[in-house]
Amino acid sequence: MSFDRLGLSAALLRAVADQKYTQPTPVQTQAIPVVLQGKDLLAGAQTGTGKTAGFTLPMLQLINERVQGQSRRHIRGLVLTPTRELAAQVGESIRTYGKHLSLRSSIIFGGVNINPQIRALRAGIDILVATPGRLLDHVGQGTIDLSKVEILVLDEADRMLDMGFIHDIKRVLALLPPKRQNLLFSATFSDEIKNLADRLLNSPVHIEAARKNTAAEQVEQVMHPVDRERKKDLLSKLITEGEWRQVLVFTRTKHGANRLSQQLERDGIRSSAIHGNKSQSARTHALADFKNGKVRVLVATDIAARGLDIDKLPHVVNFELPNVAEDYVHRIGRTGRAGRDGCAISLVCVDELKLLRDIERLLRTSIPKVMMPGFEPDPSIAPEPIPNGRNRALFQKDRRPANRHSPAPRRDDRRDRNNDRKKASGSRNGQSRRRDSESSPSSGSRRRSSGSSRHSAFSDF
Ligand code: AMP
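What counts, and where the lines are drawn
What you see as residue numbers is a count from 1 along each chain, following the sequence as written. Only residues with pLDDT of at least 70 get local features here, since the model is predicted, and only at 80 or more are side-chain atom pairs given and counted; chain-wide, interface and lining totals rely on the full set of residues. Numbering goes from the N terminus for both helices and strands, where a helix is a DSSP run of H or I of at least four residues and a strand is a run of E of at least two. Throughout, a residue-residue contact means that the two C-beta atoms, derived from backbone geometry, are no farther apart than 7 Å. Here an axis means a line fitted to C-alpha atoms, over the contact stretch when the element is a helix, while the angle between two N-to-C directions is reported on a 0 to 180 degree scale. Working rule for angles: under 35 degrees goes down as roughly parallel, over 145 as roughly antiparallel, 65 to 115 as roughly perpendicular, anything else as oblique. We call a crossing left-handed when the near helix sits turned anticlockwise from the far one by less than a right angle, and right-handed when that turn is clockwise. Classes in brief: Ala, Val, Leu, Ile, Met, Phe, Trp, Tyr, Cys and Pro nonpolar; Asp, Glu, Lys and Arg charged; the others, Gly included, polar. Whether a residue is buried, exposed or partly exposed follows from its count of other C-beta atoms within 10 Å of its own C-beta, namely 20 or more, 12 or fewer, or something in between, respectively; the C-beta atoms are built from the backbone. What the arc covers is the set of directions going from the helix axis to the C-beta atoms. Between any two strands, at least two bridges found by DSSP are needed for them to pair.

**Q** When you look at the overall build of the protein chain in this model, what are you seeing that I'm missing?
**A** Summing up its helical and strand segments, the protein chain has 17 helices and 13 strands in all. Across the protein chain, contacts joining residues at least 24 apart in sequence account for 77% of those joining residues at least 6 apart.

**Q** How do you make sense of the packing of helix α3 (residues 51–67) against helix α4 (residues 84–97) when you look at a structure like this?
**A** Working note: a packed helix pair is described by the angle between its axes plus the distance between those axes. Two elements in contact, α3 and α4, have axes whose closest approach is 10 Å; the angle formed by their N-to-C orientations is 50°. By the angle between their directions, the pair α3 and α4 is classed as oblique. Crossing angle aside, the handedness with which α3 passes α4 is right-handed. Here α3 contributes T52, A53, T56, L57 and L60 to the contact with α4, which in turn contributes V90, S93, I94 and Y97. Of the residues assigned to the contact of α3 with α4, the class counts are 6 nonpolar, 3 polar and no charged.

**Q** Before we go on, may I ask you to explain helix α1 (residues 10–18) in this structure?
**A** In an α-helix, one full turn covers 3.6 residues, which means residues spaced three or four apart are oriented alike. Where α1 is concerned, the buried positions are L12, A15 and V16. Summarising the axial view, the buried residues of α1 lie within an arc of 100°, below the 170-degree limit, and thus occupy one face. Seen from the buried face of α1, the exposed residues on the opposite side, beyond 90 degrees, are A10, A17 and D18. At its buried positions, α1 is contacted by α3 and α4. Phi turns positive one or two residues past the end of α1, at K20, with a value near 65°.

**Q** What is the right way to look at the sheet that holds strand β11 (residues 297–300) in this model?
**A** Within a beta sheet, neighbouring strands are joined by backbone hydrogen bonds and run either parallel or antiparallel to one another. With parallel pairing, the 6 strands of this open sheet are ordered in space as β8-β13-β12-β9-β11-β10. Among the strands making up the open sheet, the edge pair consists of β8 (219–225) and β10 (271–274). Between one strand and the next, the sheet's axes are offset by a mean angle of 20°, whatever the strand orientation. Across 7 bridges, the pairing between β8 and strand β13 (residues 342–348) is parallel. Paired with M223 across the bridge in β13 is S346. Contacts between helix α10 (residues 231–241) and the sheet are confined to β8, β9 (247–250), β11, β12 (315–318) and β13, with β13 contributing the most and set at about 155° to the helix.

**Q** Hey, could you run me through the sheet that holds strand β5 (residues 151–154) in this one?
**A** Strand order in the open sheet made by the 7 strands is β3-β4-β2-β5-β6-β1-β7, with parallel pairing throughout. A strand with exactly one partner marks an edge of an open sheet, and here the two such strands are β3 (105–108) and β7 (205–208). The average undirected angle you get between the axes of adjacent strands in this sheet is 15°. Where strand β1 (residues 41–44) lies against strand β6 (residues 181–186), 4 bridges are found, and the strand directions are parallel. Paired with A43 across the strands is F185, a residue of β6. Packing against the sheet, α3 makes contact with β1, β2 (77–80), β4 (127–130), β5 and β6, and its axis sits at approximately 170° to β5.

**Q** It is not clear to me how α10 should be interpreted in this structure. Could you clarify?
**A** Here α10 has its buried residues at K231, K232, L235 and I239. The buried residues of α10 occupy an angular sector of 95° when projected down its axis, which confines them to one face. Those residues of α10 that are buried are in contact with β9, α11 (254–266), β11, β12 and β13. The first or second residue beyond α10 is E243, which carries a positive phi of 50°.

Here's what the structure looks like:
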């Protein structure tokens, strides 16, 4: 199949050829003709499948046809994304693929000055890419008119729901004209997504570009069993000896991302951290440095890494396994994008065996295990509860009753706060059960199990 069989105009085919794409990806082959026919679409597609071009190319074509002969511009295409980074990338794709057309597009997201966005909206645009929160800020200020939207795209809809955007999405939907074309892209299909799709879409065509919850097949996966306190040393060794030039590393918390990045810097490995506590300019800067090779390692939390598209990213490392198995699929999808080879490496300590089992159950396969010489885990180290992980509830039950009246802090914040509290109190009162996972093994005593529990959890490796 070649691009010119999909019904795209010459201007769009030129833009595709400029990108040196030789053939459409499966999601593009399926989605482009459906969107061009004006139909609603429900697409199961992970990031890395080429889904952005799958909706951007036909949307540009339809809107370009409709603006011909019109003097006034208004927002006809609206793309909602969960994160600023994804919004920026989709916006860039719209510019790239629309470069031979004279449509105007703009990107709006939070964390940056709203005034240039207001000016761009006032000047008139045809396609807007936005994160829901900042979009609603504009609605509140009366600086945006969504009453003429003809095509709505919800990109990475599952992430939007995970991030709690459902109410914002509903508020945006209420501002759109009822007659419009709707495209929903999601990597996974929870009941919540199905409900949203039922409400949003009219007799949609359903396409499935990647099997549900399946890790990108071209990504080589491996896991190294290692003690929690030796993960940092193993990571440094892998990066240095493997001469890895560009590595995206995932930690569970913002605090952990900062700390690991600093430790790698101390080992002489250029590194930056990217997470939700960083300003937008710091995030943009870190990402640019990583993409252009100034920084070798980008340490990220799941939230900050949503939608990151780094060309030819060869290595993704799970420094800590995610608490939610589906996040593993998203993480490793950052490499091996669009048919390229990639390698996903997980450093797994004894605390994480349950998380590993959940991931393997989701993937319906086991991740090959490779012991690294010199880093074989010490079987006498007992598993410790992972704060906010699956065994956290058990841990909390032992220690204190849950306070049902106080609002739950956000995932990362909770862990950061715990760490801060531990720092303040030290281990004097014996409450600090979990040590800093990246400190050197020689820097203090490791918690060891005794008696009958020895080896029990470890044999699972
Ligand atoms: P996406 O899944 O939309 O984030 O796209 C992932 C990557 O695939 C991006 O870097 C695109 O530039 C690239 N890409 C999209 N379509 C194609 C194609 N037909 N051939 C090769 N690469 C593509």
